[in-house]
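A look at the structure
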Amino acid sequence: MAATTRSVQLVSAQRLVVKIGSALLVDEVTGDIRSAWLETLIADIVRLFSRGQQVIIVTSGAVALGSGQFDGLGRPLRIKEKQTAAAIGQVRLMLAYEQSLKRHGFALGQMLLTGEDMGNQHRRHNAWSTLQQLLKIGAVPVINENDTTATAEICFGDNDRLAAQVAQMVNADLLVLLSNVDGLFTEDPHHNPLARLLTEVRCITPEIEAMAGHSHARHSSGGMVTKLMAARIAMNAGCGMLIARGTERYPLAAIENGAPSTWFVPFGKDRATREEH
Ligand code: GLU
């Protein structure tokens, strides 16, 4: 039953935003891109495009890749060093995506955005029209936060929320947050093996918020707290959201085949009646 439901959600979405966390893309030990895994993610995304769906990627990984490449940044990284790491790592990140997409005949369009851009009507409009053009010409939009200009106050290091803002901007039907856990648990599953996975959330109550623990992977910045913030934005925009484990190969196919996940039910707005920017 769950497999069928998730399958329908993924297959029926016309426009999806897929967010990839650093912990999936970057090997914690070597600091390198997990290229074999990335190939399978891109194969999944290409399959969705070939079904007529539009996919927008929001990816993390710049800071993790840059800091792995440059020891001179020192440890621990403060915001300034993280921004420097991002400037270096973003290049490697995009090259990896570009090479992989190119093998399937797809071009990549890089977009660097901030929460502040999303809150500014003019900049948001420009971002939206660029995205539309990219999709129109068949290029895959690959978005990351513009880490070098973002500040802590405007959410440095929060691609979960940025992905939800992008989903809202593009009127996406579905936002998929690929994580290193199966979804939202009643307690932190790293601490309590009896923690139970919630398969569906209709409303983000204080009780649900209390369940959001923190991620333990070295390269993750968000954890469940930012994922719930993302869920709130997406649900209010009428966009369904899935949190699922993305660590295995072909992560989107795995969701379609019934891998565990948490589904955040959108508040009842019909896509056709939503405003186009
Ligand atoms: N923009 C950051 C990066 O590319 C990651 C932010 C996040 O993981 O939320 O490393």
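Before reading on, note that the structure itself is shown above.
Residues numbered from 1 in each chain as written. Predicted model: local features only at pLDDT ≥ 70, side-chain atom pairs only at ≥ 80, totals over all residues. Heavy atoms only, no water.

The next point concerns the overall build of the protein. Scanning the protein from terminus to terminus reveals eleven helices and eight strands. A compact globule built from 277 residues should have a C-alpha radius of gyration of about 19 Å, and the protein, at 17 Å, falls within 12% of that. Across its three principal directions, the C-alpha atoms of the protein cover 50 × 50 × 35 Å. The long-range fraction of contacts in the protein, counting pairs at least 24 apart against all pairs at least 6 apart in sequence, stands at 75%. (Helix = DSSP H or I, 4+ residues; strand = E, 2+ residues; numbered from the N terminus. Rg over C-alpha atoms; globule rule 2.2 N^0.38 Å. Contact = heavy atoms within 4.5 Å.)

Around the ligand, the surrounding shell holds ten residues, and the nearest of these are A62, V63, N144, D147 and N159. In the model, an oxygen atom of the ligand is placed 2.9 Å from a nitrogen or oxygen of the A62 main chain. Between the ligand and the protein, one listed contact pairs a nitrogen atom with a side-chain N or O atom of D147 at 2.8 Å. For the ligand, the protein covers 94% of the area, taking 300 Å² as the surface of the free molecule. (Near = heavy atom within 4 Å. Polar contact = N/O pair within 3.5 Å; in protein donor to acceptor, adjacent residues only side chain to side chain. Areas by Shrake-Rupley, 256 points an atom, 1.4 Å probe, with all protein chains shown as cover.)

Moving on: the side chain of K227. Along the chain, the position of K227 falls in helix α10 (residues 223-236). Ignoring anything within four residues of it in the chain, the contact list for K227 reads D160, L177, S179, M241 and I243.

Now for the sheet that holds strand β3 (residues 107-113). Read from one edge of the open sheet, eight strands run β3-β4-β2-β1-β5-β7-β8-β6, paired in mixed fashion. Each end of this open sheet is capped by a strand with a single partner; those strands are β3 and β6 (200-201). (Pairing = 2+ DSSP bridges.)

A few words now on the environment of K82. Along the chain, K82 turns up in helix α5 (residues 79-103). Sequence separation between K82 and G157 is 75 residues, and the spatial gap between their C-alpha atoms is 9.2 Å.

A separate point is the packing of aromatic side chains. This model, assessed by the stated rule, comprises one aromatic pair. Judged by centre distance (5.3 Å) and plane angle (45°), the rings of F49 and F106 are tilted. One end of the pair, F49, is in helix α3 (residues 35-50); the other, F106, is in the loop between α5 and β3, and 57 residues separate them in sequence. Judged by its relative accessible area of 17%, F49 is buried. (Phe/Tyr/Trp six-rings, centres within 6.5 Å; stacked < 30°, edge-to-face > 60°. Buried < 20%, exposed > 50% of the residue type's maximum accessible area, 1.4 Å probe, protein only.)

Following both chains from N to C, one finds helix α8 (residues 159-169) and α10 inclined at 10°, their axes separated by 8 Å at the closest point. When the interaxial angle is binned, α8 and α10 end up roughly parallel. For the pair α8 and α10, the contacting residues are D160, R161, A164, Q165 and Q168 in the first and G223, T226, K227, M229, A230, I233 and A234 in the second. (Axes fitted to C-alpha atoms, helices over the stretch in contact; angles between N-to-C directions. Parallel < 35°, antiparallel > 145°, perpendicular 65-115°, else oblique.)

Function cannot be read off these values alone, since they describe shape.
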